[in-house]
Number of protein chains: 2
Amino acid sequence: MTKTISSVGEDALVAAIAGSCSRIAPRLIKGMGDDTSVTVQKSGMALLATTDSLIEGIHFVRAHTTPYLLGRRCLSVSLSDIAAMGGRPLFHLISIAMPPDTPKAFISGLYKGIDACGLEYGSCLAGGNTASLPDRLVISSTVFGEMDKRRVVYRSGARHGDVIYVSGRLGDSALGLKILQEDGPAALTGRYKDAVAKHLNPAPRLALGAELAKGRLASAMMDLSDGLGIDLGRLCEASGAAGRIELAKIPVSPQLTHYAKGGLLGAAAFAAGGGEDYELLFTSPVSRAKGIAAAARRSSTSITPIGIITERKRGRQTVTFLSEDGREVDLPVRGFQHF
Amino acid sequence: MTKTISSVGEDALVAAIAGSCSRIAPRLIKGMGDDTSVTVQKSGMALLATTDSLIEGIHFVRAHTTPYLLGRRCLSVSLSDIAAMGGRPLFHLISIAMPPDTPKAFISGLYKGIDACGLEYGSCLAGGNTASLPDRLVISSTVFGEMDKRRVVYRSGARHGDVIYVSGRLGDSALGLKILQEDGPAALTGRYKDAVAKHLNPAPRLALGAELAKGRLASAMMDLSDGLGIDLGRLCEASGAAGRIELAKIPVSPQLTHYAKGGLLGAAAFAAGGGEDYELLFTSPVSRAKGIAAAARRSSTSITPIGIITERKRGRQTVTFLSEDGREVDLPVRGFQHF
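Source: prediction; values computed, not measured.

Caption draft 1: Region of the structure containing the pattern of salt bridges. Residues and elements named next belong to chain B. Considering all chains together, one arrives at 44 salt bridges over all chains under this definition. For the salt bridge of E120 with R72, the shortest nitrogen-to-oxygen distance reads 2.8 Å. Of this pair, E120 sits in helix 4 (residues 104-121) while R72 sits in helix 3 (residues 67-85), and the two are 48 residues apart along the sequence.

Caption draft 2: Examining the side chain of B:K198 more closely. Summarising the element assignment, B:K198 is placed in helix 6 (residues 193-200). Classification of B:K198 as buried rests on a relative accessible area of 17%.

Caption draft 3: Representation of the relation of the copies chain A and chain B. Overlaying chain A with chain B gives an RMSD of 0.0 Å, the required rotation being 180° about an axis along which the chain moves by 0.0 Å. Classification of the inter-copy transformation places it as that of a two-fold axis. Looking at the rotation axis and the C-alpha trace of chain A, the residue lying nearest is A:S43, at 2.4 Å. Interface residue correspondence from chain A to chain B reaches 100%, placing this contact among same-surface, isologous pairings.

Caption draft 4: Quick look at the interface of chain A and chain B. Each partner contributes to the interface: chain A provides 63 residues, whereas chain B provides 63 residues. The partner of B:E10 in a salt bridge is A:R234, with the nearest N and O atoms 3.3 Å apart. Summed over the shared surface of chain A and chain B, the number is 22 residue pairs in polar contact (both at pLDDT 80 or more). Among the elements that make up the side of chain A that touches chain B, the one with the highest residue count is strand 3 (residues 45-55) of chain A (ten residues). Here the side of chain A that touches chain B is built from residues that sort into 27 nonpolar, 19 polar and 17 charged. Bridge count for strand 2 (residues 37-40) of chain A against strand 3 (residues 45-55) of chain B is four bridges, and the pairing is antiparallel. Its bridge partner lying in strand 3 of chain B, A:T39 is registered against B:L47.

Definitions and cut-offs
- Residues numbered from 1 in each chain as written.
- Chains lettered and ligands numbered in written order.
- Predicted model: local features only at pLDDT ≥ 70, side-chain atom pairs only at ≥ 80, totals over all residues.
- Heavy atoms only, no water.
- Salt bridge = Lys/Arg side-chain N within 4 Å of Asp/Glu carboxyl O.
- Helix = DSSP H or I, 4+ residues; strand = E, 2+ residues; numbered from the N terminus.
- Buried < 20%, exposed > 50% of the residue type's maximum accessible area, 1.4 Å probe, protein only.
- Least-squares fit on C-alpha atoms with pLDDT ≥ 70 in both.
- Contact = heavy atoms within 4.5 Å.
- Polar contact = N/O pair within 3.5 Å; in protein donor to acceptor, adjacent residues only side chain to side chain.
- Nonpolar A, V, L, I, M, F, W, Y, C, P; charged D, E, K, R; others polar.
- Pairing = 2+ DSSP bridges.

Written out as C-alpha cells, the structure reads:
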C-alpha cells in the first residue's frame, strides 16, 4: 500500500523532512521543530526576503514533472528574486498545502529537490508549515538572503540612454510549457526537451546578479517571471522611464528558432511575451559595457544587450518593440496575467 | 457593479495595497514594489521567522467572519509564534491566492485588518505575493521578529518538576468554532459571542512572551494552536519529559462553563482538546513563581499553573490528564489533526 500523508501524520512528516535536509548554514541557530526559525543577524548587511507560490493546475501539472524537479523549481523561483537584487541566499521556509492522500514518496521527492537546489545555491531549510487542502497541491517558498546594503539593485534606477540587457535566452520556458500542454509527459524526452527542461527547472542567476551588484554595474535589475513586455514595463514604471527593444536582438535558442520556423515574430512572441524564464533583466549606462561583459564572464552567464531606456512620454506606450526594419510591432502576447 | 480582482489587475492591486498600509518600521529600507523586501539587520539579535496559512473551508468560512477580522487573525496566528519564542515582531510578508472574482472590497478589508493588527503589535508589511486560485482563498503570512539571541525560549527546555502554565483561558476558540458551525453568522451576536470573537480574533501574547524571555523565567515555551493535549505532547517530546495536567486547574471562561453546564469533563474536552486558542504554554521551575507572577502583571496577562513536568517513562503516555479525585482521564478529543 502506498503511504499517504494522512497515514504518516503531521509530526512524523515534519520530523522526516527535518531529518532529510542538509544543514549547511553556520548562521542557523534553530531550524525546524520550534515555533519559529532562529538565525543570526549581521550588521551592515541588508536582509532580503521574498515569497512565491506554485499552485497545481495553475503553475504546474503534477503529471508533467517529477517531485524532485518541482521542488527545485519552487525554490529557484524565489532564489531568482534574491538574484535580481544582487543578493546571496541564506535560508528558506517551505509551506505545503496538500490533499491528505498525497503519497509520502511525492513529498520526500519534493524536499529532495528543494534540498539539492538549496545546497547548490547556498540556502538551507529553516522552517515552514504544512496544511491540508482538498483540491490541489500548493507549495510556497520564502527565501531570505543578504548583501551589502549600499549595493542593493532596485527596479527604479534605470536612466535615459541606459542599455537594456537580459541574461541567457528568452522564450524557452513558454515554448516548453506549450509543448508540455500539447504532448504531456512525452515532451520530457521529445524534440523540444531542452525547452521543457528550462520550464521545469529554471536556474536562478545568482552568480551574475551578485557580480553586477558588487561592481555597481547595473542601474536597475529584476527577474523575468511574467514576460519581457510586462516586466520591462514594471522596471520602466519604477524608474519613470520608457524602454525600446529590438526584437532581432532578443537571444533565443535553436529550439525556439526551429519551432518558429525561423520567423522572427513567432520566436519573439514567445521570447517577449512568455513568462517564467527567470533570466535577469537589467540596465546599465553605455560607459559600463566593459565591466558588464567581465561580470558575465566571471559568472559564466551569457548576456545580451537588447534595447535602450528612453524618455517617458505622455500618451506613448512604456515599452515598444521594433522589428528589423525599425517599425513598431504590436506583439500578440505580452506576458502572463495572474488574474 | 462590484469591482473584482480580475477587473482591477495585479499591478493596480499591489499598488493599492502598498498605498493603504502603514509604514511604521525604521528598519524597512524597501517594502513592496521590488523583487524582494530589504530590511536592516542588527548584530547580536537573533532573527525569528515563521509562516502560516489560513485556508478557506479548512481554517475559516468566509460567511462566518469579516475581511477585517480575517486579516487580523491571519497575522495574529504568526505573531503568536513570535510571542512563543519571546520575540518582538518587525515585518510581515502576506501572500494571497484567490479566485479572480474575489471582490476588491474584500481584499481591501482584509489588508485593513492585517495593517491594524500589525500597527497594534509593531509589525509592518514588507512584501508578499498574489496568485489566482479557482477554488478558494488561501492567505499566508510570514512574520519576522527578533530578540537577544541569548534569551530565545525554545520548546526543549522543560525539566522534571517544572510547573506548567498557560496564559488566558482555554477552549473558547473551539467553543466559538462549534457555535459558528451550528448557528452561522448569528453566532457573532448570540449567547456565546465572546467565545466566537476569541475564535475569529485571537490576541497574540507578545507582551507576556517578551517579559518571560527577558527575565529568563520560562524554561520552555510554545503557543497553543492545535490543542493542549497535542501541543504539550510536542513540548514534552522536545524536552525529553512528560507532563501531568489537573483538569480542574485549566482556566475556562464563564461562557464555556455555561455551555458545559458546569460539567468539568465537558469543559475540559474543549479546553484540553480544542485548538486555536493561541495562548502561551510554558514551563518554569517552582523557584521562579514570584517572577512569573510579576511578568504576568507587567504584561496585563492572566496566567494559571495547570500541572507539572514529570519524568518520561517507557510505555507511559507523554501527557496525562487527572480528574479532581486524582484519577487519569482519557479525554474524548485531543486536538486538531491537520491530516
